Amino acid sequence: MTPPVDWARVRSALFLPASNPRAVAKARTLPCDLVTLDLEDAVGPELKGAARAGAQAALAEDWGGRLVAVRINGLDGPEAEADLAALAGGPGPDAIVLPKVEAPPPPLGRPVLAMIETPAGLYAARRIAGAAGVIGLIAGTNDLAAGLRLPPHAGRAELALPLQTILLAARAAGIVAWDGVWNALDDASGFEADAAAAARGGFDGKTLIHPSQVSPCNRLFAPTAAQLADAEALLAAAGAGARRFRGRMVEAMHVDAARRLVARAGGAP
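Residues numbered from 1 in each chain as written. Predicted model: local features only at pLDDT ≥ 70, side-chain atom pairs only at ≥ 80, totals over all residues. Heavy atoms only, no water.

### Some words on the overall build of the protein chain
- When helices and strands are tallied, the protein chain shows eleven helices and ten strands.
- A compact globule built from 269 residues would reach a C-alpha radius of gyration of about 18 Å, and the protein chain, at 19 Å, matches this within 12%.
- Within the protein chain, the proportion of its 269 residues that are buried is 44%.
- Once local pairs closer than 6 in sequence are excluded, the contacts in the protein chain between residues at least 24 apart make up 62%.
- Carbon and sulfur atoms form 57% of the exposed surface of the protein chain, whose accessible area is close to 12,900 Å².
- Each charge class in the protein chain was averaged separately, 26 positive and 27 negative side chains, and the resulting centres sit 7 Å apart. (Helix = DSSP H or I, 4+ residues; strand = E, 2+ residues; numbered from the N terminus. Rg over C-alpha atoms; globule rule 2.2 N^0.38 Å. Buried < 20%, exposed > 50% of the residue type's maximum accessible area, 1.4 Å probe, protein only. Contact = heavy atoms within 4.5 Å. Areas by Shrake-Rupley, 256 points an atom, 1.4 Å probe, with all protein chains shown as cover. Lys, Arg positive; Asp, Glu negative; His and termini not counted. Charge placed at Lys NZ, Arg CZ, Asp CG, Glu CD.)

### Some remarks on the nonpolar core
- Formed by 53 residues in total, the largest nonpolar core has its most connected members in Leu37 and Leu137.
- Setting aside its immediate chain neighbours within four residues, Leu137 contacts Ala114, Ile116, Ala125, Ile128, Ala129, Ile166, Ala169, Ala170, Ile175, Val176, Ala177 and Trp178.
- Counting residues in hydrophobic clusters, the runner-up holds 14 residues, among them Val10, Phe15, Val97 and Val176. (Core = buried A, V, L, I, M, F, W, Y, C linked by side-chain atoms within 4.5 Å.)

### A short note on the packing of helix 2 (residues 48-59) against helix 3 (residues 80-87)
- Remark: helix 2 packs on helix 3, axes separated minimally by 9 Å, with the N-to-C direction vectors making an angle of 25 degrees. By the criterion of interaxial angle, the relationship of helix 2 to helix 3 is roughly parallel. In this structure, the crossing between helix 2 and helix 3 has a hand that is right-handed. Note on element contacts: helix 3 touches helix 2 through Ala82, Asp83, Ala86 and Leu87, opposite Arg52, Gln56 and Leu59.
- Here the residues of the contact of helix 2 with helix 3 are counted per class, giving four nonpolar, one polar and two charged. (Axes fitted to C-alpha atoms, helices over the stretch in contact; angles between N-to-C directions. Parallel < 35°, antiparallel > 145°, perpendicular 65-115°, else oblique. Left-handed = near helix turned anticlockwise from the far one by under 90°. Nonpolar A, V, L, I, M, F, W, Y, C, P; charged D, E, K, R; others polar.)

Structure below.
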């Protein structure tokens with residue numbers, strides 16, 4: 001029996017067009033935790049059929065332990081039915097990514113990652129996160145910025161409330177939350193600053209749009225050696241019944257956090 005997926009260990013979630021076989025082949029060589037084969041925004045109308053065929057072929061391949069999801073087109077549009085029919089015809093993905101979710105989605109036979117990309121989606125985030133089959137929320141920051149009519153080049157400060165709303169909804173439901181993409185592909189230092197802020201803010205991982213973002217993302221969302229050593233020592237002390245550790249009081253919440261950090265150290269399965 002295949003063990004259940006620990007989605008909280010996913011740090012890097014790379015999106016790529018399912019219609020691009022070179023990008024798909026490249027992704028199989030990258031250290032990303034999750035690859036999302038995109039049938040939606042990254043694929044023009046004339047390439048939807050090719051993208052579905054590409055996704056079917058990719059799902060039949062060996063991904064070397066990486067998780068593979070498929071982002072289908074919105075359920076309220078004409079393409080989603082064909083997307084789901086294509087996925088039903090062979091090996092299925094580990095999850096289905098739903099774009100622009102504004103209400104609890106229906107069961108789709110696979111775990112669902114719901115993208116919160118609109119003001120209406122933000123208001124419904126708590127109900128969406130609690131829906132059967134939803135295992136994570138993704139912050140769709142580009143569409144959120146547009147829907148909120150933010151000025152060009154608005155950053156995390158302007159999106160603070162939407163991001164915290166998504167994180168709160170996910171945590172209340174006990175599911176994962178992933179940060180939005182970084183668009184400036186040539187700004188590596190900007191990406192690192194943005195990813196570090198997302199990690200400090202409590203997100204489990206980040207969605208990515210370029211292979212160069214994978215390794216720094218994995219590093220920034222993984223515990224440091226010092227953090228890991230501290231967590232392991234805390235667990236050992238707690239196991240011995242200690243209520244005080246390195247000058248600070250230890251409660252059950254601290255022990256649980258240390259266990260999560262140690263489990264996360266190995267990355268996604």
